[in-house]
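Notes for the structure review
As a plain string of letters, each chain reads:
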Amino acid sequence: MKKKYAFKSLDGETYIVKIPKPIDMKSFFVFALPKSGSSLLDKIMRDICSFKKIPTISIANDAFQCGVPFVKIGSDIEKVLHLQGYAYLGFRHFFDFQTNFDFSINKKIFLIRDPRDIMVSLYFSLKQSHVIPKKGTAALRLRNLRKATQLIEINEYVVANAKRFVNIFEKYHKKINFVRTFRQ
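What this report covers is the structure whose coordinates are included nearby. Owing to the predicted nature of the structure, the values given are computational and were not obtained by experimental measurement. (Residues numbered from 1 in each chain as written. Predicted model: local features only at pLDDT ≥ 70, side-chain atom pairs only at ≥ 80, totals over all residues. Heavy atoms only, no water.)

This next bit is on the layout of surface pockets. Size it by volume and the largest pocket reaches roughly 950 Å³. Along its surface, the largest pocket is lined by 36 residues, and Pro34, Phe64, Arg92, His93 and His130 are the ones closest to its centre. Among the secondary structure elements, those contributing two or more residues to the lining of the largest pocket are helix H1 (38-52), helix H2 (59-65), helix H3 (115-129), helix H4 (136-150) and helix H5 (154-175). For the lining of the largest pocket, the residue count by class is 16 nonpolar, 13 polar and seven charged. (1 Å grid on protein atoms, 1.4 Å probe; cavity = no way out; pocket = protein on both sides within 12 Å on 5 of 7 lines; lining within 4 Å. Points joined across faces, edges and corners; volume = space filled by probe spheres on them. Helix = DSSP H or I, 4+ residues; strand = E, 2+ residues; numbered from the N terminus. Nonpolar A, V, L, I, M, F, W, Y, C, P; charged D, E, K, R; others polar.)

Below, the structure written as structure tokens:
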């Protein structure tokens, strides 16, 4: 049985985050850039966690289902970040606020992709197929992005939006201590 915690977005919209019962293990985090294969990674990790009986929390997905954009999540969300017991999935952005949670302690998976491929994928997704929530500011934002994207060509879109992806990556780089470990 999952507990449900209600939060208010920075815009005052309510969203629910589902929290299952923890297990005795160190939590880990799965991060990805948008359109880097994040949906596939999320599906694979959910299947693995289900098979291994690892409880998952997806702050981003839970907020999105309620129509709340991830950038509108406030610092009160730290109440559901725990060092022990969970796999945290679904991150495609990092928090806009300065978090007090120490991510350097826990293991992380971070999926990246060639930025040129990301931009092409994002263009066609926004133009044609990206899921739009039924309500909320995320729904309005995505509908407006779809209309705008349908009016421009891919090269114009890429040039206009490339810096946004640099900013997303830089936010991850600055706020999370990624350590590369190789096993032989």
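Of all five residues making up strand S3 (residues 28-32), five are buried, and the element is well covered by its neighbours. With burial as the criterion, each face of S3 is covered, one bearing Phe28, Val30 and Ala32 and the other bearing Phe29 and Phe31. Of the pairings in the sheet, the one linking S3 to strand S5 (residues 87-91) comprises three bridges and is parallel in character. If you follow Phe31 over to S5, its bridge partner there is Phe91. Relative to strand S6 (residues 107-111), S3 is paired through five bridges, and the arrangement is parallel. From the neighbouring strand, Val30 faces S6, where its bridge partner is Ile109. (Buried < 20%, exposed > 50% of the residue type's maximum accessible area, 1.4 Å probe, protein only. Pairing = 2+ DSSP bridges.)

This next bit is on the packing of aromatic side chains. A full pass over the atoms with the stated rule returns 23 aromatic pairs. With 4.9 Å between their ring centres and 25 degrees between their planes, Phe95 and Phe97 make a pair best called stacked. With relative accessibility at 1%, the residue Phe95 sits in the buried group. By relative accessible area, which is 13% here, Phe97 ends up buried. Pairing Tyr123 with Tyr157 gives two aromatic rings, centres 5.5 Å apart and planes at 55 degrees, and the pair type is tilted. On the criterion of sequence distance, the pair formed by Tyr123 in helix H3 and Tyr157 in helix H5 is long-range, its members being 34 residues apart. (Phe/Tyr/Trp six-rings, centres within 6.5 Å; stacked < 30°, edge-to-face > 60°.)

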